Amino acid sequence: MDPRRASVSNLTCWHGKPDEQSCVNYLKSGLPRRILYYKRGEWTDFPESERKVIINGCRHQMPCMYALFGYELVLVDLLCMVMSNSTTKKRNSVAWIDEADRCFFPSQSFDEGADEPSEQVSGAVRPQTSSVPPPPAPEANVHNLQRDSSTFVLIRKIFLSGMPSFVKPENVLCILEYVPKDTSALVQHHAFESQLRSRIEKRGDANVRDAWFGSTTQEIFRILAHGFGSAVAPTAGAAFGSGIYLTPCGRSFSSVNLCGADQNGVQCMLLCQVILGNEELVRPGSKQNSPSSDKYDSGVDNHAEPRCYVVWARHANSRTLILPKYVVAFKLPPNLQAYFFDLRDVRCDKYPIRNIPDFNRLTGPVSVPTFSPLLREMYVALPDVAHPLLYTVVYAMVQNHISPIDKELLYRHHLEFQAFASTDDEFFRKITVILGDRLPVSELNRTRDHRLVAFMYRFVD
């Protein structure tokens, strides 16, 4: 039996119940090789990045899936052979050619706004489906916010407030607001509200927080359709036990490396409301998957300065403790994206950075043998600076001109560099990414060389 058959038999189709022949055609098809949509009287190939998203969905027995089409969210329904825009509600016919070069085109093709269905391209192999009018557009659970709306501006500000300052407003492509409309989404929303009331009655305070969840675009859209319980497998074997990990609202940067990028470099992050109740302090290395006692409801790495919230695996399948609110789609230049992907998962540090000292008191590598080639690693030759400088000098000069997150990241890289956990090239690249064009170049060029010489005497006798 085809493994997709069970998937189809249990499917609640977005565009209504597909007829039996449509299901047979879908099951007869191999994995799509080309996927096309009907526009202005012609069949056009999907862009490469969207094609890969749809093929990957088919590989995981998902006949209906969301994809970002440019800056628009579209729902592609291969069972009903329809693509619909979640914002404009416009619909287009969809067709595909599988790996065996078999063609699957609808018996009638439509493009929203066309008066009459168009005939098929000559020679196309068509499945035998009944001639029916275009199915109604689905009730999408998202609304694409206008860039000049107050909500868009507010959510973008929240997103950027948790980012290093090299992430700019123009890096935010679009923001989708979660608006539950279909039955499944409404049930999940009502269940969240019920859990909220229950937690208030039990604890006096439900302790609801905004938090970020980073993942692939497809997983995020599965969450919007089916909720966290069925769409997300709890993280097992992670630093704080088994559960769903979320990042506090002011630290969106620490979830970027979890957001898979599509072929165009677009990433998505989900802003949620989470019912934390009584938070239990969890130590790194914990094997927990549930609260240690009835006094607690969730896990946290630090009460005063949380870096990570954990909704335990025991609760994750209830679909009641986490509610999606907004999807932020963003695109970073390749060098910035590479920086985040190289960044260690800062949510789960065994020894997290809590107190950042005055940069004037920082020193370079602490045990450098005389004439060691590592001696050169104490210097950075920054762009537009006349001579190499001790990076600690640079740090001290910029510390009052950068954001707290920039400062935290610089200090993190300082500790890595001190421990010889990064090469001089890697260290230099990280510094220049964070500081960018904010270096006080004129002041650096006025720095006297005797500061370097004095430092050198500490190592060379």
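So, here's what we can say about the structure. Please read these numbers as outputs of a predicted model, since none were measured by experiment.

1. Regarding the overall build of the chain
Part 1: Scanning the chain from N- to C-terminus turns up 13 helices and 19 strands.
Part 2: Within the chain, the fraction of its 461 residues that count as buried is 53%.
Part 3: Of the roughly 21700 Å² that the chain leaves accessible, carbon and sulfur atoms contribute 51%.

2. Side note on the side chain of T217
Part 1: Following the sequence through the fold, T217 ends up in helix α6 (residues 217-231).
Part 2: Residue T217 is classed as buried on the basis of its relative accessible area, which comes to 14%.
Part 3: Setting aside residues no more than four positions away along its own chain, T217 makes contact with L68, G260 and C268.

3. Points about the state of the cysteines
Part 1: Enumeration over the complete set of coordinates arrives at zero disulfides.
Part 2: Sulfur of C174: no disulfide; nearest cysteine sulfur belongs to C268 and is 6.8 Å away.
Part 3: Looking at C174, the relative accessible area reads 4%, which means it is buried.

4. A word on the pattern of salt bridges
Part 1: Applying the stated criterion across every chain yields a total of 14 salt bridges.
Part 2: The closest approach of N and O atoms between D297 and R199, which form a salt bridge, is 3.4 Å. In this pair, D297 is assigned in the loop between β14 (279-281) and β15 (298-300) and R199 in helix α5 (residues 183-203), connecting sequence segments 98 residues apart. Of the two residues examined, D297 and R199, each falls in the buried class.
Part 3: The residue E279 makes a salt bridge to R209 at a minimum N-O spacing of 3.7 Å. With E279 in strand β14 and R209 in strand β10 (residues 208-214), the pair connects residues that are 70 residues apart, well separated along the chain.
Part 4: The exposure class of E279 is buried, given its relative accessible area of 15%.
Part 5: Using a relative accessible area of 30% as the deciding quantity, one classes R209 as partly exposed.

5. Thoughts on the packing of helix α10 (residues 404-418) against helix α11 (residues 424-435)
Part 1: In the contact formed by α10 and α11, the axes pass within 10 Å of each other and the chain directions differ by 175°. With respect to α11, the axis of α10 lies roughly antiparallel. Residues D406, L409, L410, H413, H414, E416 and F417 of α10 lie in contact with α11, whose contacting residues are D424, F427, K430, I431, I434 and L435.
Part 2: Split into classes, the residues belonging to the contact of α10 with α11 amount to seven nonpolar, two polar and four charged.

6. Quick look at the packing of aromatic side chains
Part 1: Applying the stated criterion to the full structure yields eleven aromatic pairs.
Part 2: Taking 5.7 Å as the distance between ring centres and 90° as the angle between the ring planes, the aromatic pair formed by F166 and Y339 counts as edge-to-face. Of this pair, F166 sits in the loop between α4 (150-161) and β9 (172-178) while Y339 sits in helix α8 (residues 334-342), and the two are 173 residues apart along the sequence.
Part 3: Taking relative accessible area as the criterion, F166 reaches 10% and is therefore assigned buried.
Part 4: When its relative accessible area of 5% is taken as the criterion, Y339 is described as buried.

7. Some details on unusual backbone geometry
Part 1: Of note, the phi angle at M81 is positive, near 60°, even though the residue is not glycine.
Part 2: Secondary-structure assignment places M81 in the loop between β4 (72-77) and β5 (82-85).
Part 3: One non-glycine residue, D101, lies in positive phi territory at about 65°.
Part 4: Structurally, D101 can be placed in the loop between β6 (91-98) and β7 (103-104).

8. As for the pairing of strand β16 (residues 309-312)
Part 1: On β16, burial covers both faces: Y309 and V311 on one face and V310 and W312 on the other are all buried.
Part 2: Both strand β12 (residues 241-248) and β16 contribute to a ladder of four bridges, which runs antiparallel. Counted as the bridge partner of Y245 is V310 from β16.
Part 3: With two bridges connecting them, β15 and β16 associate as antiparallel partners. Of the residues in β16, the one forming a bridge with V300 is Y309.

9. Details of α8
Part 1: Among the residues of α8, L336, Q337, Y339 and F340 are the ones counted as buried. Projected onto a plane normal to the axis of α8, the buried residues spread over an arc of 155° and lie on a single side. Those residues of α8 that are exposed and angled more than 90 degrees off the buried face are P334 and D342.
Part 2: Lining the buried residues of α8 we find β13 (266-275), α10 and α11.

Conventions we followed
- In this convention, every chain numbers its residues from 1, walking through the sequence in written order.
- With pLDDT at 70 or above as the cut-off, local features in this predicted model cover only qualifying residues; side-chain atom pairs require 80 or more to be listed or tallied, and sums for whole chains, interfaces and linings still use all residues.
- Each side-chain value is worked out from all heavy atoms of the structure, with water and hydrogens disregarded.
- Secondary structure is summarised from DSSP: a helix means a run of H or I of at least four residues, a strand means a run of E of at least two, and numbering begins at the N terminus for each.
- When a residue's accessible area, from a 1.4 Å probe over protein chains only, is under 20% of the maximum for its type it is buried; when over 50% it is exposed; and in between it is partly exposed.
- Each accessible area is a Shrake-Rupley result for a 1.4 Å probe, and residues are judged covered by the shown protein chains and nothing else.
- A contact between two residues is defined here by any heavy atoms of the two lying within 4.5 Å.
- Any two cysteine sulfur atoms within 2.5 Å of one another count as a disulfide.
- When a carboxyl oxygen of Asp or Glu is within 4 Å of a side-chain nitrogen of Lys or Arg, the pair counts as a salt bridge.
- Working convention: axes come from line fits to C-alpha atoms, limited for helices to the stretch in contact. Angles between N-to-C directions cover 0 to 180 degrees.
- Our angle categories are set so that under 35 degrees counts as roughly parallel, over 145 as roughly antiparallel, 65 to 115 as roughly perpendicular, and the remainder as oblique.
- The nonpolar class holds Ala, Val, Leu, Ile, Met, Phe, Trp, Tyr, Cys and Pro. Asp, Glu, Lys and Arg form the charged class, and all remaining residues, Gly among them, are polar.
- We call Phe, Tyr and Trp rings a pair once their centres come within 6.5 Å, taking the six-membered ring for Trp, and we label the pair stacked below 30 degrees between planes, edge-to-face above 60, and tilted otherwise.
- Any two strands are treated as partners once DSSP identifies two or more bridges connecting them.
- The directions from the helix axis to the C-beta atoms are what the arc is built from.

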